[in-house]
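Summary of structural features
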Amino acid sequence: YPPERIRNFSIIAHVDHGKSTLADRLLELTGTIQKGHGAQYLDKLQVEKERGITVKAQTATMFYKHTVENPESHGTDTSSYLLNLIDTPGHVDFSYEVSRSLAACQGALLVVDAAQGVQAQTIANFYLAFESNLSIIPVINKIDQPTADPDNVKAQLKRLFDIDPSEALLTSAKTGQGLSQVLPAVIERIPCPPGNCDSPVRMLLLDSYYDEYKGVICHVAIVDGAMRKGDKISSAATGRTYEVFDVGIMHPELTPTGVLYTGQVGYVITGMRSTKEARIGDTLHQAKTIVEPLPGFKPVRHMVFSGVYPADGSDFEALSHAIEKLTCNDASVSVTKETSTALGMGFRCGFLGLLHMDVFHQRLEQEYGAQVISTIPTVPYIFEYGDESKVQIENPAALNFNAGKRITACWEPTVIATIIIPSEYVGPVIMLCSERRGEQQEYTFIDANRALLKYRLPLREIIVDFYNELKSITSGYATFDYEDSEYQKSDLVKMDILLNGQPVDAMATIIHNQKAQKVGRELVDKLKKFIERQMFEITIQAAIGSKVIARETLSAMRKNVLAKCYGGDITRKKKLLEKQKEGKKRMKRVGSVDIPQEAFHELLKVS
Ligand code: GDP
Ligand code: MG
């Protein structure tokens with residue numbers, strides 16, 4: 001296939017507007033997959049199936065015969081095209097994956113739900129595609145729904161993105177209506193990939209993952225030239241050279257072709273030992289040639305950090321192994337070893353966002369059977385000392401106000417949030433945003449009933465429970481997206497949690513001074529609820545420096561749990577003991593106090 005017969009496109013949309021379903025239909029339509037295979041084909045990970053979201057972008061190649069009228073012969077011409085479809089995740093945390101996918105595309109289908117209209121991630125994704133100079137084909141999907149209002153959606157697209165209403169395709173990925181127009185539009189409206197077929201090979205490394213049998217598999221987009229099995233290729237980033245053992249397309253399973261030509265998207269297997277050698281955004285090129293590296297990707301920016309510890313101290317090796325395996329397939333997580341006096345040996349992990357963190361924890365448990373305790377998530381703060389040196393703090397415990405160095409200034413990261421809501425909810429949303437220390441940037445209407453609000457918000461204020469609260473005060477109607485923005489100066493303090501007077505390093509947080517009282521109270525209350533009474537009295541305190549701002553006491557246990565059935569019902573006694581043992585497994589002993597795993601989980605939810 002020469003580049004003229006290749007199209008590389010992506011599907012972008014707000015979550016649930018039908019990307020994955022549409023992708024499936026297109027794969028069926030081209031005979032790439034069989035009908036009735038069940039759930040969305042490209043959502044391979046278990047968490048994706050369970051949550052119905054796409055976490056990792058997946059690529060598939062399809063073949064399609066396109067027929068056009070030929071005015072000269074008064075007949076028709078049919079040519080076969082190679083189409084590379086790249087499904088993308090819609091959630092904010094994964095916009096990194098979206099922009100990465102777009103780098104290999106010349107066009108995108110912008111899918112919008114005909115009833116819900118443009119939502120927050122539609123806007124974010126549109127701009128990602130627009131900034132990458134892609135041809136955008138608007139697809140108004142779910143027109144089968146009774147509340148579908150495609151004309152209103154067309155008006156929104158015109159108003160927000162200046163898209164001509166006549167360009168919109170109307171489809172239902174459910175009934176199949178309108179789907180036959182999609183691929184012809186892709187071929188006619190999206191340009192073919194640029195590139196020089198005769199140059200030495202040069203390709204962009206889009207993604208990589210580790211397969212137990214095949215080793216490191218790289219997804220690549222060939223920009224110039226061709227790559228054949230047996231060729232030698234080098235990495236522009238590391239200078240290392242590899243032999244091409246296998247090369248082919250995702251059809252949608254790995255299908256060896258022996259060669260990939262200019263404009264194609266496919267996979268390559270070399271002797272790489274770890275995905276760490278396969279740097280996403282790197283340029284791979286013919287060995288022994290000097291090439292201009294392709295513009296790479298924005299480096300990943302970790303927005304949320306949290307400690308990950310084994311729920312049972314002896315499991316450290318197992319956890320370490322599981323994390324190693326998992327990060328092999330998710331290079332967007334950063335991992336460093338850390339030690340906590342309270343929790344022992346563990347890891348500090350950096351994530352793209354809270355959902356990313358959740359997904360990581362869930363995968364650790366589901367795919368590797370690891371039981372973990374995670375600490376209160378924190379954002380990367382910057383502190384300046386009297387001598388003008390600056391440090392980025394990713395673990396609150398590492399910040400020591402008494403280390404002899406005076407802190408003279410602190411900064412916290414902010415985001416620009418886009419919120420779309422039916423107009424009757426504007427009041428409560430403005431209130432929520434100002435409670436969260438937000439600063440209004442924009443307030444407009446996108447149609448007769450829907451408002452768009454833009455706020456600058458401290459990242460710390462949105463990572464914990466902001467989205468849930470936003471959803472609940474708007475009866476689920478609000479949609480939300482954000483992009484990272486600058487750091488702002490802030491009045492930050494470190495809050496310690498003390499159990500029987502001993503600070504628990506894993507529970508320390510950095511927090512805005514104004515919020516300290518409220519959060520301290522909530523943390524102490526939560527802990528009181530979740531720590532079980534023990535044989536002695538336990539005091540729980542929140543403190544800033546030496547000043548205690550909240551305090552509770554858990555009185556000593558008076559009765560023996562077994563006293564009641566002592567000597568009586570043996571099975572009941574056994575059951576109780578087993579239950580106690582079960583509970584123990586999920587406990588952490590901090591000093592002399594046993595803290596159940598749930599207590600740590602609950603602490604994550606305090607804003
Ligand atoms: P994604 O998050 O954008 O990938 O969305 P999905 O493809 O997972 O679809 C979200 C939900 O919408 C699923 O329950 C689909 O079955 C449903 N859906 C997708 N397309 C249509 C459509 O054209 N009509 C209707 N009624 N439902 C659809
Ligand atoms: Mg999906």
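Everything quoted here is computed from the prediction, not taken from an experiment.

This brings us to a nonpolar patch on the surface. Among the surface-exposed residues, Met-535, Phe-536 and Met-557 lie close enough to one another that they form a single nonpolar patch of about 290 Å² accessible area. With respect to the helices and strands, the residue Phe-536 is situated in the loop between helix 12 (513–530) and strand 30 (538–544). On the accessibility criterion, Phe-536 (32% relative accessible area) is partly exposed.

All right, on to the packing of helix 9 (residues 426–435) against helix 11 (residues 466–473) then. Interhelical geometry of helix 9 versus helix 11 gives an angle of 160° and a closest axis separation of 10 Å. In terms of axis orientation, helix 9 runs roughly antiparallel to helix 11. As helix 9 packs across helix 11, the resulting crossing turns out to be right-handed. Here Pro-428, Val-429, Leu-432, Cys-433 and Glu-435 of helix 9 come into contact with helix 11, specifically with Phe-466, Glu-469, Leu-470 and Ile-473.

This paragraph deals with the site of ligand 1. Ligand 1 sits among 16 residues. The nearest are Asp-16, Ser-20, Thr-21, Asp-144 and Ala-173. Take Asp-16: an N or O atom from its main chain is 2.7 Å from an oxygen atom of ligand 1. Between ligand 1 and Lys-174 there is a distance of 3.2 Å, counted from an oxygen atom to a backbone nitrogen or oxygen. Starting from 580 Å² of accessible surface for ligand 1 in isolation, the protein chains cover 78%. For the shell around ligand 1, the leading source of residues is helix 1 (residues 19–29), giving three residues. Grouping the amino acids of the shell around ligand 1 by side-chain chemistry returns two nonpolar, nine polar and five charged.

Okay, the packing of aromatic side chains next. All told, the structure shown has 14 aromatic pairs when counted by the stated rule. Taken together, a centroid distance of 5.3 Å and an interplanar angle of 20° make the contact between Phe-126 and Phe-130 stacked. Taken together, the positions of Phe-126 and Phe-130, both in helix 4 (residues 120–131) and four residues apart, correspond to about one turn of that helix. Take Phe-126: its relative accessible area is 4%, and that puts it in the buried class.

So, about helix 5 (residues 150–161). Here helix 5 is 12 residues long and its end C-alpha atoms lie 16 Å apart, about the 16 Å a rise of 1.5 Å per residue gives. Residues of helix 5 that are buried include every one of Pro-150, Val-153, Lys-154, Gln-156, Leu-157 and Phe-161, and no others. Buried residues of helix 5, seen end-on, are gathered within an arc of 160° and therefore sit on one face of the element. Residues of helix 5 that are exposed and point over 90 degrees away from its buried face: Asp-151 and Arg-159. Residues of helix 5 that are buried make contact with strand 4 (107–113), helix 4, strand 5 (135–141), strand 6 (169–170) and strand 25 (450–458). Two residues or fewer after helix 5 comes Asp-162, characterised by a positive phi angle close to 60°.

Turning our attention to the sheet that holds strand 7 (residues 202–211). Judged by pairing direction, the sheet is antiparallel, and its eight strands sit side by side in the order 11-10-16-7-8-15-12-13 without closing on themselves. With partners counted over all chains shown, the strands left at the sheet margins are strand 11 (241–243) and strand 13 (254–256), one partner each. Here the average twist between neighbouring strands, direction ignored, is 40°. Where strand 7 meets strand 8 (residues 215–224), nine bridges bridge the pair, whose relative direction is antiparallel. In the sheet register, Leu-204 faces strand 8, and the bridge partner there is Ala-221.

On to the side chain of Thr-375. As for its position among the elements, Thr-375 is in the loop between strand 20 (372–374) and strand 21 (381–385). Residue Thr-375 is classed as buried on the basis of its relative accessible area of 3%.

Let us look at the nonpolar core. Of all hydrophobic cores here, the largest spans 49 residues; its most connected members are Leu-364, Phe-383, Ile-419 and Phe-466. It is strand 23 (residues 407–422) that contributes the most residues to this core, six residues altogether. With near-sequence residues (within four places) excluded, Leu-364 lies in contact with Val-308, Leu-319, Ala-322, Ile-323, Leu-326, Gly-369, Ala-370 and Val-372. Counting residues in hydrophobic clusters, the runner-up holds 32 residues, among them Ile-376, Met-495, Ile-538 and Ile-540.

Rules used in this analysis
Residues numbered from 1 in each chain as written. Chains lettered and ligands numbered in written order. Predicted model: local features only at pLDDT ≥ 70, side-chain atom pairs only at ≥ 80, totals over all residues. Heavy atoms only, no water. Patch = residues over 30% accessible without salt bridge, like charges linked within 9 Å, V, L, I, M, F, W, Y side chains within 5 Å. Areas by Shrake-Rupley, 256 points an atom, 1.4 Å probe, with all protein chains shown as cover. Salt bridge = Lys/Arg side-chain N within 4 Å of Asp/Glu carboxyl O. Helix = DSSP H or I, 4+ residues; strand = E, 2+ residues; numbered from the N terminus. Buried < 20%, exposed > 50% of the residue type's maximum accessible area, 1.4 Å probe, protein only. Axes fitted to C-alpha atoms, helices over the stretch in contact; angles between N-to-C directions. Parallel < 35°, antiparallel > 145°, perpendicular 65-115°, else oblique. Left-handed = near helix turned anticlockwise from the far one by under 90°. Contact = heavy atoms within 4.5 Å. Near = heavy atom within 4 Å. Polar contact = N/O pair within 3.5 Å; in protein donor to acceptor, adjacent residues only side chain to side chain. Nonpolar A, V, L, I, M, F, W, Y, C, P; charged D, E, K, R; others polar. Phe/Tyr/Trp six-rings, centres within 6.5 Å; stacked < 30°, edge-to-face > 60°. Expected span 1.5 Å × (residues − 1). Arc of directions from axis to C-beta. Pairing = 2+ DSSP bridges. Core = buried A, V, L, I, M, F, W, Y, C linked by side-chain atoms within 4.5 Å.

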